[in-house]
Structure formats: structure tokens, C-alpha cells
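For reference, the chains in residue letters:
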Amino acid sequence: MIPAVKVFLPLRVLLISMIAIIDYGMGNIHSVNKALEVCGARTLVTNKPEVIRSCDMIVLPGVGAFDDAMQELEKLGLVSVIKEHILAQKPFLGICLGMQLLFETSEEAKLTKGLGILKGKVRRFEARKDLKVPHMGWNSIKVASPFFKGIADGSFVYFCHSYYPEPKEKSVIVATCNYGIDFACAVAQNNVFGMQFHPEKSQKVGLRMLESFIKLC
Amino acid sequence: MLTKRIIPCLDIKEGRVVKGVKFLGLRDAGDPVEVAKVYDAQEADELVFLDITASFEKRRILVDLVEKIAKNIFMPFTVGGGVNDIGDIRNLLNAGAEKVSINTQAVKFPELVTEASERFGSQCIVVAIDAKDITDPDNPEHLKWEVFINGGRTPTGLDALDWAKKAAKLGAGEILLTSMDFDGTKDGYDIALTKTISEAVSIPVIASGGAGKLEHFWDCFSKTQASACLAASIFHYQEYTVKDVKTYLQLKGVAVRL
């Protein structure tokens, strides 16, 4: 039995795909990494183009300013790496700011354009007396995609943002949330996925979503 | 619908939970990770860790702790206590904290709030305000609160309402509002204070100080614009679980996550 195990282990390791979590100085990489590990993924936290190219999936997390994030990605030479990865039909997941960067422009950004992989823009919530901004806390979502298989309609996930995406093509919207308006809180187009909420902070529901993502590969 | 949040608060000293936590069935009641897991199971919406360590080693210990918590629980948490500069904030966020709370340093150097929110986003910068009632007895109609810093030891002369508005303008994404008059009394939240501040700012306000009964949470949510209620002793001494509070609030018609 012992030699069999010895052979089996390396093979198994080779068979599990590798996820690159892009570390571009935009916060909270740690939680995403741990959550993916708990879901059984093999991960690499990196900002090296050659390492990211060798991975099967990309996760782009991030909180903070749109301009800073795009400038960091440019500086690290990662914009083309991400675009090549997506063109090659390999799975990509953007979380929070990482999702917003997929779009063409943002009201927040004065200097830079987004990755432009999805058509549309990122807008700011308008604060009202009964609508505090940032949208912060647990809100229920309406799911409309097989990607969210096993996630009940009305499940609660954790949000923490002042901007939200407004896709030009409604067909990319796979989940919506209501905060003053109905907005797209998750998008998908072929191999590209984006979540405005934080699956890595959304307890069991969030971990289940990440598990589904890992299974794409 | 965005739900109202119930947030247990844990005081941390030298990397351990203090304040007489009496959880049953815990291997080590002082381990923040173990305590966090208990609250996670009770469906707490967030956690707040307030570091009260005075030692020199403080920052490293706190960052280590945040890493350990983030490895073990997948829920949002805020860390505060002695946050001095951009470097402290960056380290805590990178270690896995969702939000960082700034108190004394925000009053002393308001530009820190702006710099931090521009760099990391407003959504992760919480300004904590400790407020004390200084209403003139001869003019009881005109309620006034003063901001205190250094753990409530130092008066600042700042009006709490003015400071809250300014903090929001500076870029804070949330206000953690503690009533020094009600804190620890278990007589309920300071409704007048919470109402005044939460109606005046467009960012979320967390009410803190005074929770002792289930009714106090309902009082706060029904009479003020608070987005969340923070509580410590009511949960630590196991009078109620977070779930008890949320079940009660749901019966009252408050939107909670259950």
C-alpha cells in the first residue's frame, strides 16, 4: 500500500488546478486566499506575470480606489496578462473592486479606464436620508444563474462598497441586489465572473460560491 | 433588503480576549479565535476587536492576531485601538481585517482619515467617537455632547455632532458611536445621541454602549437611523446570544439576517 500512496499523492497534486490570487497592493488578499484554501483550492499569491501565466485561474480581489488599482496593474505589467488569460478562455473571478475593474469606466476614476472586458460603467450610490453610503452589511441577493446552484434565492452576503457596476448588456447579470435601486451584484460572461459582495466574508454561503468557482476548472 | 447588524465587541489585551468572558465549552476562553468562532456560530453579522494593550510590542501582536482570526473565520471584522498611521492601517487590512477603526488619532490628525480613505477606500475606514453628555442644565432643550479621546480620559472640546459630520466629510465610511454616559450601565443605548448623529450623517452609524435587554436593541433601531448595534457584556455573560437578539428583532419587524 505504501508505494501506491507515494505515487498517488504527486499525481493528485498535479491534477488540481492552480489559482493565482493577484497581489497588487489593494488590500485583503489574505482572507480570499484562506477562503479558497478552505474550499480545497491550490493557490499562489503573486504579482509576477510569468507565474500568473502558468496558472489555470485568476482571482482578482481588491478594495480601494479604481484609479490606484488600474495604475498598479499597469505598473506590474498585469493588464495584458489578465486580458490574455481571459482570451484563452481560462476562468477569472473579480471580487469587489476586482469586479469593477472589468468594466470600461468608473465615476470614481478620473485618470484611468478599466480593463473593458465587460461593457458598461461603475457608478456611485446616491446617498439619501434613508440610504446610507457605503452600502455596508448583509443584504439578500436574487440569483439567476446555474453558477449559483445550491445558493437559495434570498441568501445573505456581505457588502462593503460605495460604487456598483452598471453593465450595458443585461445578459451578463447573474445576481441582483436591492439598495435603493436594483443593481448587478454578480456578473458572468463565458469564463469571466465578478462579485460585488465578498464571498470570502460571507460565511457558509460565500464559501459555497467559491467552491463552485473552483469546480469550473 | 439590507439588514440591521448585531455586532459583539471583544476587548483584546496582549493578543487575548479580556473583560471576563465566560463562554461555556471553550477550551480556552481567552483565545480570540475561539471566541470569534462562537459568535460566528451565533450568526453575528460582524465582530469588533478593540485592542487595549499598552505594551511596546502591541502592533506586531495585533497584526499576528488579525492574521490568525482571518485564517479561521470568514466573516467581516473591524480592528481598532491605538491605530496611529497609514502603515498601521495597511498592515491590519492586509492581515485580513475588513475595516480599521480610528479614534484618538483621527481627532489629532484629521488628515489621516482622508489619506486612509483615499488610499484604501472609505468603506474600510471607521471613525470611533466616544461622546459624553455636556448639556447645560439651564438649557436642557439644547442637547450637547463632547468628544473624548485616549480611551475616554481626555476631553477635546469638540462637539460630537460637528465632529461626526466632519469625519464623514473627511472620508470615513462609518461611525462607531459610543455613549460614555450609558456604556456599561445596561440601561439601553443613548437614543438622543444616536438619533442626533445618525440622522445628521449619510454614512452608517453603529450605536454602542448600554445594551442590557432585548428591548434596548429594538429601541435603538426603531427610534434612530443606526445601521448596527454593538454590544459587549450582554453577550459575554451569556444573558443572550446574538441569535436571541435577532430572533426578537425579527418578531418586531426589523430586517435581520437569520
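Residues numbered from 1 in each chain as written. Chains lettered and ligands numbered in written order. Predicted model: local features only at pLDDT ≥ 70, side-chain atom pairs only at ≥ 80, totals over all residues. Heavy atoms only, no water.

Q: For this particular structure, what's the right way to read the overall build of chain B?
A: For chain B, the count of helices and strands is 10 helices and 11 strands. Radius of gyration (C-alpha) of chain B: 17 Å, near the 18 Å computed for a compact globule of 258 residues. Dimensions along the principal axes, computed over C-alpha positions, put chain B at roughly 55 × 45 × 35 Å. In chain B, which comprises 258 residues, the proportion classed as buried is 57%. Residue pairs in contact within chain B that sit at least 24 positions apart in sequence constitute 64% of those at least 6 positions apart. (Helix = DSSP H or I, 4+ residues; strand = E, 2+ residues; numbered from the N terminus. Rg over C-alpha atoms; globule rule 2.2 N^0.38 Å. Buried < 20%, exposed > 50% of the residue type's maximum accessible area, 1.4 Å probe, protein only. Contact = heavy atoms within 4.5 Å.)

Q: What is the right way to read the sheet that holds strand S5 (residues 105–106) of chain A from this model?
A: Within a sheet, neighbouring strands are paired by backbone hydrogen bonds and run either parallel or antiparallel to one another. Residue and element names in this part refer to chain A. Taken together, 3 strands build an open sheet; the order of strands is S5-S6-S9 and the sheet is mixed. With one partner strand each, in any of the chains shown, S5 and strand S9 (163–167) form the two edges of the open sheet. With 5 bridges connecting them, strand S6 (residues 120–124) and S9 associate as antiparallel partners. Directly across from Arg-123, in S9, lies its bridge partner Tyr-164. (Pairing = 2+ DSSP bridges.)

Q: Please clarify how the interface of chain B and chain A should be interpreted in this entry.
A: Note on interface size: it is often stated as the accessible area lost on association of the parts. Contact with chain B, which involves 40 residues of that partner, is made by 34 residues of chain A. Ranking the residues of chain B by area buried against chain A places B:Leu2, B:Phe74 and B:Gln123 at the top, with a combined share of 26%. On inspection of chain B and its partner chain A, the count reaches 1 salt bridge. A:Lys201 is paired through a salt bridge with B:Glu98; the nearest N and O atoms lie 3.7 Å apart. Our enumeration of links across chain B and chain A arrives at 15 residue pairs in polar contact (both at pLDDT 80 or more). (Buried area = accessible area lost by both parts, 1.4 Å probe. Salt bridge = Lys/Arg side-chain N within 4 Å of Asp/Glu carboxyl O. Polar contact = N/O pair within 3.5 Å; in protein donor to acceptor, adjacent residues only side chain to side chain.)

Q: Can you walk me through the pattern of salt bridges in this structure?
A: Residue and element names in this part refer to chain B. Enumeration according to the criterion identifies 21 salt bridges over all chains in this entry. Where Lys-243 meets Glu-43, a salt bridge forms, and the shortest distance between an N and an O atom there is 3.3 Å. With Lys-243 in helix H10 (residues 242–251) and Glu-43 in the loop between helix H1 (32–41) and strand S3 (47–51), this residue pair connects regions lying 200 residues apart in the sequence. Using a relative accessible area of 36% as the deciding quantity, one classes Lys-243 as partly exposed. The salt bridge partner of Lys-246 is Asp-45, with a shortest N-O separation of 2.7 Å. With a gap of 201 residues between them, Lys-246 in helix H10 and Asp-45 in the loop between H1 and S3 connect regions that are remote in the sequence.

Q: What am I meant to see in helix H4 (residues 66–75) of chain A here?
A: Side chains three or four residues apart in an α-helix point the same way, a direct result of the helix having 3.6 residues per turn. Residue and element names in this part refer to chain A. Within H4, burial applies to Phe-66, Asp-67, Ala-69, Met-70 and Leu-73. Projected down its long axis, H4 carries its buried residues within an arc of 165°, all on one side. Lining the buried residues of H4 we find strand S1 (18–22), strand S3 (57–60), helix H5 (79–87), helix H6 (97–100), S5 and S6. (Arc of directions from axis to C-beta.)

Q: Would you mind showing me how to read the sheet that holds strand S8 (residues 156–161) of chain A here?
A: All names here are of chain A. Across the sheet, which stays open at both edges, the 9 strands sit in the order S2-S1-S3-S4-S12-S11-S10-S7-S8 with mixed pairing between neighbours. The outermost strands of the open sheet, each flanked by one partner alone, are strand S2 (42–46) and S8. The average undirected angle you get between the axes of adjacent strands in this sheet is 30°. Alignment of S3 against strand S4 (residues 92–95), held across 3 bridges, turns out to be parallel. Across the sheet, the residue bridging to Val-59 is Leu-93, located in S4. Seen against the sheet, helix H7 (residues 203–214) touches S1, S3, S4, strand S7 (135–143), S8 and strand S12 (192–195) and runs at an angle of roughly 145° to S3. (Axes fitted to C-alpha atoms, helices over the stretch in contact; angles between N-to-C directions.)

Q: What is the right way to read the environment of A:Arg208 from this model?
A: Residue and element names in this part refer to chain A. Within the secondary structure, Arg-208 sits in helix H7. Here Arg-208 falls in the partly exposed class, since its relative accessible area comes to 37%. Taking the C-alpha atoms as reference, Arg-208 lies 8.8 Å from Phe-148; in sequence the two are 60 residues apart. With near-sequence residues (within four places) excluded, Arg-208 lies in contact with Gly-150 and Ile-151.

Remember that the coordinates give geometry; whether it matters functionally is a separate question.
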